[in-house]
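Here's the letter readout for the chains.
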Amino acid sequence: PWPSPEDPARLAGTNLYPSFTIYRGWDTDSGTITNADGTTLDQDHTFNNRGNIEWAEDVTYLDHLENGTTHEATRTWVLAAGKYTVNLGGNSPATLAEGRQGYRATFSTGALTRLTNGFATIDFDQAAWDALALVVGPAPVQTLTGFFPQAEANALTLAELTTNAAPQVSYLGQVYRLNGSEVVNATGRTSQPTTFAYDPASPTNHVGSVGLGGVARFAVLGGAGGTLLYGDYTLQFDAARIPLGGSGWYLKGNIPPAGAVFDLLNVGLVAEANAFRLTGDLAISFEVANFLYGTPTDTLKDVGNFVFTASAGAKVPPAIRGLSLVGGNLTITVSSGTPGATCRLVSSTDLSSPASAWDTAGQGTFDSEGNCAISSPASLVEGARFFRVRQP
């Protein structure tokens with residue numbers, strides 16, 4: 001509406017086609033460009049609608065929509081929380097005396113899903129791993145000498161990862177737990193926080209990456225060639241990797257030299273409002289094959305399987321799910337634990353006794369699905385015994 005005394009029903013024109021540009025940030029301070037008269041250029045009616053604005057040094061160009069065909073235009077972006085600047089304008093189909101133009105702009109937002117709990121499991125194919133980098137020497141060039149799950153890895157410096165005895169030495173069942181939104185690194189360490197947030201309707205539209213805790217150690221030529229550490233991963237997506245033969249999803253190793261370590265092939269992806277699951281084949285990245293190994297023929301070789309499962313809900317504490325008595329031994333099954341964490345069973349004959357007074361009845365380790373089973377001798381003379389499960 002553009003009423004006037006002569007024409008109360010007058011409307012603004014519709015000659016321009018709506019277009020717009022979005023920038024990250026606000027620019028509200030004094031400018032850095034000095035005019036001829038000595039003043040600074042703080043605000044100006046000119047701006048670059050396809051890039052950064054010279055006088056607005058605090059905003060960064062993100063994207064634009066150039067529309068020259070319709071009188072309505074819509075675009076959706078997935079953005080990190082913050083301040084943004086939008087310039088609204090339009091394209092004219094001809095050089096005309098436009099008069100006043102009418103605009104209506106509507107903005108709406110929807111929260112992305114953030115993962116709070118989860119883990120990845122890697123099963124390396126040892127035979128495929130033994131066949132890598134053969135130009136360096138006789139097979140196997142790399143031999144696994146240990147795997148450090150998240151808790152154990154976080155307690156070590158980079159140097160200690162290369163020398164300390166590892167709690168696990170297996171190519172299968174390596175569990176890498178989801179890192180939180182903040183991480184604390186020991187000297188030389190490069191574990192990354194989880195900043196990943198996604199739209200369940202289009203999971204490749206996301207911000208950030210998934211930080212995964214855990215490090216695998218390999219000896220090169222039996223140790224004569226030193227040690228390679230694979231870990232401090234982030235799970236990421238980059239469409240630019242698709243032309244290299246990948247799916248876009250990949251694992252970046254943040255231990256120097258940081259870079260893409262594995263591209264994920266044959267990806268299966270289920271993204272829901274409160275759950276995220278991604279599976280795929282681990283394939284040697286172009287960067288590792290060409291620049292680390294020096295064997296381009298190793299590019300995209302399948303060396304194992306990758307499964308990542310995570311949720312956006314509150315973490316469910318471990319709980320006792322079942323009991324069975326066989327031959328005087330009571331076996332107690334527990335679920336919902338953290339994969340790779342210690343599962344400790346405590347017991348008491350007095351339910352009201354303080355937690356510090358309960359005795360350890362057995363100990364185990366949660367498997368990759370968060371389950372464990374612990375056996376404890378059963379007494380036939382006790383009137384009752386109570387059990388609890390603890391996860392340090």
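Look up a bit, the structure's there.
Since we're looking at a predicted model, the values are computed, not measured. Every chain is numbered independently, its residues counted from 1 as its sequence is written. Local features are withheld for residues below a pLDDT of 70 in this predicted model, meaning they are given only at 70 or higher, and side-chain atom pairs are given and counted only at 80 or more; totals for whole chains, interfaces and linings count all residues. Excluded from the side-chain calculations are hydrogens and water; all other atoms, namely the structure's heavy atoms, are used.

1. Describing the sheet that holds strand 9 (residues 202-207)
Spatially, three strands are ordered 4-8-9 in an open sheet, and the strand pairing comes out antiparallel. Looking along the sheet, the strands with just one partner apiece sit at the ends: strand 4 (113-114) and strand 9. Two strands are counted as paired when DSSP detects at least two bridges linking them. Where helices and strands are cited, they refer to DSSP runs of H or I of at least four residues and of E of at least two residues respectively, numbered from the N terminus. Relative to strand 9, strand 8 (residues 197-199) is paired through three bridges, and the arrangement is antiparallel. Looking at the pairing, aspartate 199 lines up with serine 202 of strand 9.

2. Observations regarding unusual backbone geometry
The peptide bond linking alanine 139 to proline 140 adopts the cis configuration, its omega dihedral lying at -10°. If you trace the backbone, proline 140 turns up in the loop between helix 1 (126-130) and strand 6 (142-149). Although it is not a glycine, leucine 300 sits at a positive phi angle of roughly 65°. Inspection of the secondary structure assignment puts leucine 300 in the loop between helix 4 (286-293) and strand 16 (302-311). Exposure categories follow from relative accessible area, calculated using a 1.4 Å probe and restricted to protein chains: below 20% of the type maximum is buried, above 50% is exposed, and the middle band is partly exposed. Assessed through its relative accessible area of 24%, leucine 300 is described here as partly exposed.

3. Considerations on the sheet that holds strand 2 (residues 60-65)
Taking strand neighbours across the sheet as the criterion, the three strands line up as 2-1-3 in an open arrangement whose pairing is antiparallel. For this open sheet the edge positions go to strand 2 and strand 3 (84-91), each flanked by a neighbour on one side alone. Ignoring which end each strand starts from, the neighbouring axes of this sheet average 20° apart. Bridge analysis of strand 1 (residues 17-24) against strand 2 gives five bridges, and the strand direction is antiparallel. Counted as the bridge partner of phenylalanine 20 is leucine 65 from strand 2. Between N-to-C directions, angles cover 0 to 180 degrees, with each direction set by a line fitted to C-alpha atoms, over the stretch in contact for helices.

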